[in-house]
Amino acid sequence: MMIALPILFPLFMAVLLLMNRSHNYQKVVGIAGSLFTFGIALALFVTVQRCGIQVLQAGGWEAPYGITLVVDKLSALMLLISGFIGVAVAVYAASFVPSALISGRFYLFFHSLMMGVNGAFITGDVFNLYVWFEVMLMSSFVLITLGSKRIQLKGGIKYLSMNLLASLFFLAGIGLLYGKTGTLNMAHLADILRNDSHPLLMNTSAMLFFVGFGIKAAVFPFFFWLPSSYYTPPVAITAFFAALLTKVGVYAMIRFFTLFFVQDPIFWHNLLLAIAGLTMLIGGMAAASQYEIRQILSFHIISQIGYMIFGLGVFTPLAIAGAVYFMIHNMLAKTNTFLIAGLIHRMRGTYQLKSMGGLYKSYPLLAVLFLIPAFALAGVPPLPGFFGKLFLIKAGFEAGRFLVSGVAVVTGILTLFSMIKIWNEAFFKQSPTEIHEECQHEKLRFAELLPSIMLASGTLALGLGAGYLYDFFIEMGEQLLDSTQYINLVLNK
Amino acid sequence: MTIILLIIFLGAAGSLLIPRQLDRHKGILLSLLPLTAFVFYLIKGYHMKQVGPEITSIAWLPQLGLNITWLFDGVSLLFLFLVSGIGVLILIYSNSYMKHDEGRHRFYFFILLFMGAMLGLVLSGNLLVMFLFWELTSFTSYFLISFKHEYDKARQAAMQSLLITVMGGLALFAGILLLGQMGGTYELAELVEKGHLIRFHPHYFPALLLILAGVVTKSAQFPFHFWLPGAMQAPSPVSAYLHSATMVKAGIFLLARMSPIMGGTPEWKILVSLIGGLTMFVGAYLAITQTDLKAILAYTTISALGTLVLLFGIDTQLSVKAALIFLIVHAFYKASLFMVAGMIDHKTGTRDINLLGGLRRLMPKTTVVTVLALLSMAGLPPLLGFIGKELIYEAKIQTPGIASVVLILGVASNVFMVWVSAMFGYRTFFGKLGTTPKVANEKGWELLFGPSVLAFGSLALGLFTNSLGQLIELALSTVRAQPLHVEIHLWHGFNQVFLLSVITVAAGVFLFSIRQKLLPVLAKINSRFFAYRFADLFNRLLDNFVKFSKNKTAVIQHGYHRFYLMTILVVATAFVWFQIYVTRGWDIQYDFSPIPFYVLVLTLIMIFSALTAAFAQNRLTAIISMGVIGFGIALIYLFYGAVDLAITQILAETLTVVLFVLVIQKMPRYAKFSSRKSRVRDAIIALSSGSFVTILVLNALQIDYNDPISDFFIKNSLPGGFGENVVNVILVDFRALDTLGEITVLSVAALGVYTLIKMNKVRK
């Protein structure tokens, strides 16, 4: 039963948040709810570590007939990290989301989004995954447009329509897949397809899924929705999106292409690597050319997605482990940089690099807090970005994928450039003479910095503890590449 | 080993906690840290000859071959002495130099951090760990160069140096990974034994290029030398420490480490000596025309680094020996001169040699120290510099193959060095007293302490060469990977080499004496051939890159929504069609015979409606036609017995049509916005994406892996789900979780709409 809690509990929270509109009620319940969600994820994680893959046949209908929920190492880890980030964002939102939006039930949509994300991570059913994608899509659309400023609506429409296109491809893929195989259960699919003698038959369906997830994950050339919409809502919401939305797409891709779309590796891995290389490079170049913090960071998300796809395309345990490690690192660091962008905005009243400065002198602690995720993203050892790249590039070299590994190396310098640019302009440069009067915040309160501190500690732990965590990630990579255990557990063989 | 490093790193953090009362002595207090390290290494190193090198290893990520291995041998000992020893002097110097600087706490923090990183770097016996420290030195250097971060120039120079060194660092990283893959380990000690395997590996050359990229950028080799003069934006102690004595030598250190693993091949010899030779000459030449004391020193540093690289490229026993000695020589005189330059800047308020002059009367002690250091730089006896230069000449003469070229470049560079030394000394301390912003004095013993120790050290080591010989012997044996015996003499007798030395000095002095005529000529040459300053070129390159990226980004992220959708559709369609093409072997059965008449008519009506919608001249027609399609689908459901689905479909369709009709009233009149061309384009896209769906559906009908699970639903609906309506049972029982999710979607949508409208009201 505990397995269903990551879905049911956020739903329960959403219902609770419906009860009362008062500002304080929303805040307290919202934050407490995020804490409990994290607690549940933690408990599940520990259980999976101790007892292996957890399976729940929802409603008692045996697989493949009912809907199966499965928590393996990857799912458990994703739940854990998104729960952790959820807490940080929930706390941050309390002081950074305008109070009108809090009474407008920000936290309700926050939890419904969490529900969709968690559902996507633990479901073992293809159609059920689609349902969770819809929950995510609707919640995130409401969040983007919350406050209904003109720019938000504009971004929101772009976001919605491109993601609906993704849903369309996804749904078409499901229909075809069901038509071909007569089943929706992932493990069952894997079981049917692994003894398949016609490797090419699945490719057209796989392509539909690839496009659907590719749009969600914002890979080149499907990423347009991300830079169009991410800079429009309040920054707490963007930070939450940065952690979760694209990563669910990447997660789904990893799941599908390790579990059952494994018949035609040559074509798929080459395609994935080509897409990965282009995504890294173009995202990185675009990020380097921007002068609005949120835009830099948004384009940079895309660039980093490329690394994860790169790991999937190399397809060795080390590469998959690297991809997931890199994803976790990115969720922590990227969210943190967005949170800090919000803090900067509070101090300076702008997101434009050209009109800010002097933050190092006035807020040295903030400077240190920025440097941790920024350097982590830039791959400075011994922060996690370095280890992520070490795993990925080493795996790439070992697999003889020199070209795309080279792109991964070169993209590193673009990331560094983007981060140093923010640092130079926002922190080091002399403060421009006029700072908006109302933005002259005397001091940052601890509660405002706490989420950043949390995430930064997460980043440090991930980097410095890489030696301890390595085995976990490799085991996860092996678990993903050898699906026998997963299939047998779900199908009760 | 680890403890000493920890002490330094903790000291860096601790330096921020030193109480205010002790602020005045902060530098001296902190200098105890490197002093401890120095003494520790001295004691340990004393026994090295008997005990041999020491390797200690702590597992970090052993699965990937990443261990914190400390390799304490001759090469590391040499560098450890330099880093910790000069570190002591620099901190003492800083005590006075940085006294009134507001950011001194930051300065001490970063310089100690750097010191720890540098010590770690030269102690690393594992390439990955070495890379870690390598990057750390680059970043601490960034923070030290940008010390005066509110000045645009400092920020720009810092960023430039960081980008270049990190670019090289990333190449080095790739090179290390390749090397590790070839040798199966990242441990230096093990790699040395696999050298032959690596040198004949097909990946040897790319790996060499990548690693050399690291060396070239870090050690400021041509054409990446330009970041070093830029780095002079840093406070003088930093220039003396990082940018002449230690950090820039990291590349040389790496060469020394790589020499027994990758050295000895023609590729190595040609590439390394070519880079080194060029840098040596260009650096020395550019030094002459500078007028800023620190810039002069920066360019001579570049030249010296070039010499060192060249010597490793020549790759004979003699050349490596010369390199190791010259390393010490250079560190001694250059750190000393930089400190003096900083002191002059501090005391007079300028570093321009055109403004300076005659300081010997105001700063007599400084004059003596400087002249000693300069003599060492010029390579005159009895200073250490003389030994260095003699050995270099000897090594160059015995270069296999290209001796003459190397020798000519070498002599020319040394002539320039003599000239620069003469100029530096004469223009600052002799002649008429210059008009400087401040009147100089010599107060503050801390400022002169470091330079004196180093200058007199050069003298002492030149006269008593024994202890130096032992150190060099240890280092040389490590680099050449065989036990060797080294003896160093000041005097080699009247031979070819000595003759060269005499010529060099004479020519240098002669050129200095006719400089009034020569400098304008040089200036003219420079303005013609060196019109582009590399630093500016780099900046322009960077700007262009950013501009280029910006343009490309604007092309991709253009802001037109419909083109985004179109791009996604076109790419996706192309991908799917490609797959259909690949799988074309599976032919489709065009057998429509079992389709009943009703369905056929219905389908035809739907197709007709679709076409009507596409060609409709007003909105209402389009919407109604679309509605017809929806109702048609409902009828098909009905035909196959899915009553619930049909009802749902009819309800949804009705609602949609009604809503649409309501909305259109508010919209402007229907007009044709798109040209004929774009309509044709849209039609093609629509047809090609529609047709792939058709083909895929037909295709799917042919493929049957498994009996569908729906059979189970039909069988178990009544006995298991207690319902006769299978669809209902699926919705509320078999797949209840889906339904829960869909309910959530709808509720969220409803709430979202509610909130949206409400917020608008509140605002109004």
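All residue numbers here refer to positions counted from 1 along the written sequence of the relevant chain. By the order in which they are written, chains take letters starting at A while ligands take numbers starting at 1. In keeping with the predicted nature of the model, local features appear solely for residues at pLDDT of at least 70, side-chain atom pairs appear and are counted solely at 80 or more, and the whole-chain, interface and lining totals rest on all residues. The basis for every side-chain value is the complete set of non-hydrogen atoms in the structure, without hydrogens or water.

> Help me understand the overall build of chain B in this model?
Strands here are runs of E lasting at least two residues and helices are runs of H or I lasting at least four, both read from the DSSP assignment and numbered beginning at the N terminus. Of the regular secondary structure elements, chain B holds 32 helices and 2 strands. With respect to the three principal axes, the spread of C-alpha positions in chain B is 115 × 60 × 55 Å. Across the 764 residues that make up chain B, the buried fraction comes to 54%. Residue contacts follow a heavy-atom distance rule, with two residues in contact if any of their heavy atoms lie within 4.5 Å. A fraction of 78% describes how many contacts in chain B between residues 6 or more apart in sequence connect residues 24 or more apart. For chain B, the exposed surface amounts to about 34,200 Å²; the carbon and sulfur share of it is 69%. In chain B, 57 positive and 36 negative side-chain charges are present, and the distance between their average locations comes to 17 Å. Only protein chains enter the accessibility calculation, which uses a 1.4 Å probe; a residue is then buried when its area is under 20% of its type maximum, exposed when over 50%, and partly exposed in between. What sets the accessible areas is the Shrake-Rupley method with a 1.4 Å probe; for residues, cover comes only from the shown protein chains. Charge counting treats Lys and Arg as positive and Asp and Glu as negative, with His and both chain ends excluded. A single reference atom marks each charge: NZ on Lys, CZ on Arg, CG on Asp, CD on Glu.

> Even after reading the chapter, I still don't get the overall build of chain A, so can you show me in this structure?
Within chain A, the regular secondary structure consists of 21 helices and 2 strands. Taken over C-alpha atoms, the radius of gyration is set against a globule rule of 2.2 Å times the number of residues to the power 0.38. By the compact-globule yardstick of 23 Å for 493 residues, chain A fits well, its C-alpha radius of gyration being 22 Å. Here chain A holds 493 residues, and 74% of them are scored as buried. Across chain A, the fraction of contacts at a sequence separation of at least 24, relative to all contacts at a separation of at least 6, is 82%. Of the accessible surface of chain A, which amounts to about 13,400 Å², a share of 65% is contributed by carbon and sulfur atoms. Taking the average place of the 28 positive charges on the side chains of chain A and the average place of its 19 negative ones, the gap between the two points comes to 9 Å.

> Just to check I follow, could you spell out the interface of chain A and chain B for this structure?
Many structure descriptions define interface size as the accessible area lost when the parts assemble. Listed per partner, the contact involves 115 residues of chain A and 92 residues of chain B. When two components associate, each loses some accessible surface as probed by a 1.4 Å sphere; the sum of these losses over both components is called the buried area. Note on chain A versus chain B: buried area summed over both sides is about 9,300 Å², and carbon and sulfur give 76% of it. The rule for a salt bridge is simple: a side-chain nitrogen of Lys or Arg has to be within 4 Å of a carboxyl oxygen of Asp or Glu. Across the chain A-chain B interface, the total number found is 2 salt bridges. Arg735 of chain B is paired through a salt bridge with Asp125 of chain A; the nearest N and O atoms lie 2.5 Å apart. Within 3.5 Å is the distance limit for a polar contact, defined as a pair of N or O atoms, with the added protein rule that one can donate a hydrogen and the other accept it, and that residues adjacent in sequence qualify only through two side-chain atoms. For the pair chain A and chain B, the interface holds 17 residue pairs in polar contact (both at pLDDT 80 or more). Broken down by element, the side of chain A that touches chain B gets its largest block of residues, 12 residues, from helix α7 (residues 150-181) of chain A. Three classes are used, and their members are as follows: Ala, Val, Leu, Ile, Met, Phe, Trp, Tyr, Cys and Pro are nonpolar, Asp, Glu, Lys and Arg are charged, and the others, Gly among them, are polar. Per-class residue counts for the side of chain A that touches chain B are 79 nonpolar, 24 polar and 12 charged.

> Mind showing me how you'd approach the packing of α7 of chain A against helix α9 (residues 203-217) of chain A here?
A pair of packed helices is captured by two measures, namely the crossing angle of their axes and the spacing between those axes. Residues and elements named next belong to chain A. Only C-alpha atoms enter the line fits that serve as axes; for helices the fit covers just the stretch in contact. Angles between N-to-C directions range over 0 to 180 degrees. Two elements in contact, α7 and α9, have axes whose closest approach is 8 Å; the angle formed by their N-to-C orientations is 155 degrees. Compared by their axis directions, α7 and α9 come out roughly antiparallel. The way α7 lies across α9 gives a crossing that is left-handed. Across the interface between the two elements, Met162, Asn163, Leu165, Ala166, Phe169, Phe170, Ala172, Gly173, Ile174, Leu176, Leu177 and Lys180 from α7 touch Thr204, Ser205, Leu208, Phe209, Val211, Gly212, Phe213, Ile215 and Lys216 from α9. In terms of residue class, the contact of α7 with α9 is built from 14 nonpolar, 5 polar and 2 charged. In what follows, roughly perpendicular refers to angles from 65 to 115 degrees, roughly parallel to angles under 35, roughly antiparallel to angles over 145, and oblique to any angle outside these ranges. A clockwise turn of the near helix away from the far one marks a right-handed crossing, whereas an anticlockwise turn of less than a right angle marks a left-handed crossing.

> Explain the layout of surface pockets to me, please; I cannot follow it from the model alone.
Sizing a probe to match a water molecule and rolling it over the atoms shows the empty space that remains. Space inside the second largest pocket adds up to approximately 1,700 Å³. Mapped onto the lining of the second largest pocket, the elements with two or more residues apiece are α15 (359-362), α16 (364-378) and α19 (446-464) of chain A together with α1 (2-14), β1 (54-61), β2 (66-72), α5 (104-123) and α6 (127-145) of chain B. Of the residues that constitute the lining of the second largest pocket, the class distribution is 34 nonpolar, 5 polar and 6 charged. Only protein atoms enter the 1 Å grid used here. Points where a 1.4 Å probe fits but cannot escape make up a cavity, open sets with protein on both sides within 12 Å along at least five of seven lines make up a pocket, and a residue lines them when an atom lies within 4 Å of a point. Grid points are joined across faces, edges and corners, and a volume is the space filled by probe spheres set on the points.

> Please clarify how the environment of Phe386 of chain B should be interpreted in this entry.
Residues and elements named next belong to chain B. Mapping Phe386 onto the fold places it in helix α18 (residues 384-397). The class of Phe386 is buried, set by a relative accessible area of 3%. Sequence separation between Phe386 and Leu375 is 11 residues; the distance between their C-alpha atoms is 8.5 Å. Once residues within four sequence positions are removed from consideration, Phe386 is found in contact with Gly379, Leu380, Pro381, Leu490, Phe498 and Ser501.

> Hey, could you run me through the packing of aromatic side chains in this one?
Aromatic ring pairs are reported here in terms of the distance separating the ring centres and the angle at which the planes meet. Residue and element names in this part refer to chain A. Put simply, two rings from Phe, Tyr or Trp (the six-membered ring, in Trp's case) pair if the centres are within 6.5 Å, and we call them stacked under 30 degrees between planes, edge-to-face over 60, tilted for the rest. Enumeration according to the criterion identifies 87 aromatic pairs over all chains in this entry. Consider the rings of Phe256 and Phe260, whose centres lie 4.9 Å apart with planes at 55 degrees: the pair is tilted. Phe256 sits in the buried class, given a relative accessible area of 0%. Judged by its relative accessible area of 1%, Phe260 falls in the buried class. Between Phe370 and Trp423 the ring centres are 6.4 Å apart and the planes differ by 5 degrees, which places this aromatic pair in the stacked class. With a gap of 53 residues between them, Phe370 in helix α16 and Trp423 in helix α18 (residues 402-428) connect regions that are remote in the sequence. Here Lys354 stacks its cationic end above the ring of Tyr291, 4.1 Å away from the centre of that ring. Put simply, a charge is over a ring when the Lys NZ or the Arg CZ is close to the ring centre, within 6 Å, and near the line of the ring normal, within 35 degrees.

> Can you help me understand the packing of helix α16 (residues 317-348) of chain B against helix α21 (residues 466-480) of chain B in this one?
All names here are of chain B. Packing of α16 against α21 leaves a shortest axis separation of 10 Å and a crossing angle of 130 degrees. Classified by the angle between their axes, α16 and α21 sit oblique to one another. Crossing of α16 over α21 shows right-handed handedness. Taking contact as the criterion, the partners of Gln317, Val320, Lys321, Leu324, Ile325 and Ile328 in α16 are, on α21, Leu468, Leu471, Ile472, Ala475, Leu476, Val479 and Arg480. When grouped by side-chain class, the residues that make up the contact of α16 with α21 number 10 nonpolar, 1 polar and 2 charged.

> Explain a nonpolar patch on the surface here, please?
Residues and elements named next belong to chain B. Patches were defined on residues exceeding 30% relative accessible area and lacking a salt bridge, with like-charge contacts within 9 Å and nonpolar side-chain contacts (Val, Leu, Ile, Met, Phe, Trp, Tyr) within 5 Å. A contiguous nonpolar surface patch, about 1,100 Å² in accessible area, is contributed by Phe597, Tyr598, Val601, Ile605, Leu620, Ile624, Val628, Phe639, Tyr640, Phe660 and Val661. When contributions to the nonpolar patch are tallied by element, the ones reaching two or more residues are α26 (597-615), α27 (619-639) and α28 (643-664). The topology assignment puts Phe660 in helix α28. Residue Phe660 is classed as partly exposed on the basis of its relative accessible area of 44%.

> Looking at this structure, I do not really get α28 of chain B. What am I missing?
An α-helical turn contains 3.6 residues, so a residue and the one three or four places further along point in the same direction. Residue and element names in this part refer to chain B. Here α28 spans 32 Å end to end across 22 residues, near enough to the 32 Å set by a 1.5 Å rise per residue. Among all positions in α28, only Ala646, Gln649, Glu653, Val657 and Ile664 are buried. Buried residues of α28, seen end-on, are gathered within an arc of 60 degrees and therefore sit on one face of the element. In this structure, α28 carries Leu651, Leu655 and Leu662 as exposed residues pointing more than 90 degrees from its buried face. Contacts made by the buried residues of α28 are with α27. Here the expected span of a helix is defined as 1.5 Å times the quantity of residues minus one. The directions from the helix axis to the C-beta atoms form the arc being described.

> In this structure, what is going on with unusual backbone geometry? I would like to understand it.
Apart from glycine, the bulk of residues carry a negative phi angle, and the bulk of peptide bonds sit in the trans form. A cis amide bond, omega -5 degrees, links Phe220 of chain A with the succeeding residue Pro221 of chain A. In this model, Pro381 of chain A is joined to Pro382 of chain A through a cis peptide bond whose omega is 0 degrees. Of note in the backbone geometry, Phe315 of chain A takes a positive phi value of approximately 60 degrees without being a glycine. One non-glycine residue, Asp315 of chain B, lies in positive phi territory at about 60 degrees. Its location among the elements puts Asp315 of chain B in the loop between α15 (293-314) and α16.

> Explain empty space enclosed by the protein here, please?
Residue and element names in this part refer to chain B. For the structure shown, the criterion picks out 5 cavities of 30 Å³ or more. Counted as a void, the largest cavity has a volume near 160 Å³. Lining the largest cavity are 17 residues, with Phe326, Lys389, Ile392, Asn414 and Met417 sitting closest to its centre. Broken down by secondary-structure element, the contributors of at least two residues to the lining of the largest cavity are α15, α16, α17 (364-378), α18 and α19 (403-429).

> Explanation requested: the pairing of β2 of chain B in the structure shown.
Side chains on a regular strand alternate between the two faces of the sheet. Residue and element names in this part refer to chain B. Here β2 lies mainly inside the structure; 6 of its 7 residues are buried. As paired strands, β1 and β2 are joined by 7 bridges and run antiparallel to one another. Note that in β2 the partner of Ile55 across the bridge is Leu71. Counted between consecutive antiparallel strands, the loop separating β1 from β2 contains 4 residues, among which Gly65 sits at a positive phi close to 80 degrees. Following DSSP output, two strands are said to pair if at least two bridges run between them.

> Can you help me understand the pattern of salt bridges in this one?
Opposite charge on two side chains makes pairing possible when the charged atoms of those side chains draw close. Here the structure, examined in full by the defined rule, presents 20 salt bridges over all chains. Across the salt bridge formed by Glu475 of chain A and Lys73 of chain A, the nearest N and O atoms sit 3.3 Å from each other. One end of the pair, Glu475 of chain A, is in helix α20 (residues 466-481); the other, Lys73 of chain A, is in helix α3 (residues 73-96), and 402 residues separate them in sequence. Here Arg445 of chain A makes a salt bridge to Glu448 of chain A, at a shortest N to O gap of 3.4 Å. A residue is classified by how much of its surface remains accessible, and Arg445 of chain A, at 48% relative accessible area, is partly exposed. Residue classification places Glu448 of chain A among the buried residues on the basis of a relative accessible area of 1%. Each of the salt bridges in this network shares a partner with another, and the network as a whole consists of Asp125 of chain A together with Arg735 and Asp738 of chain B.

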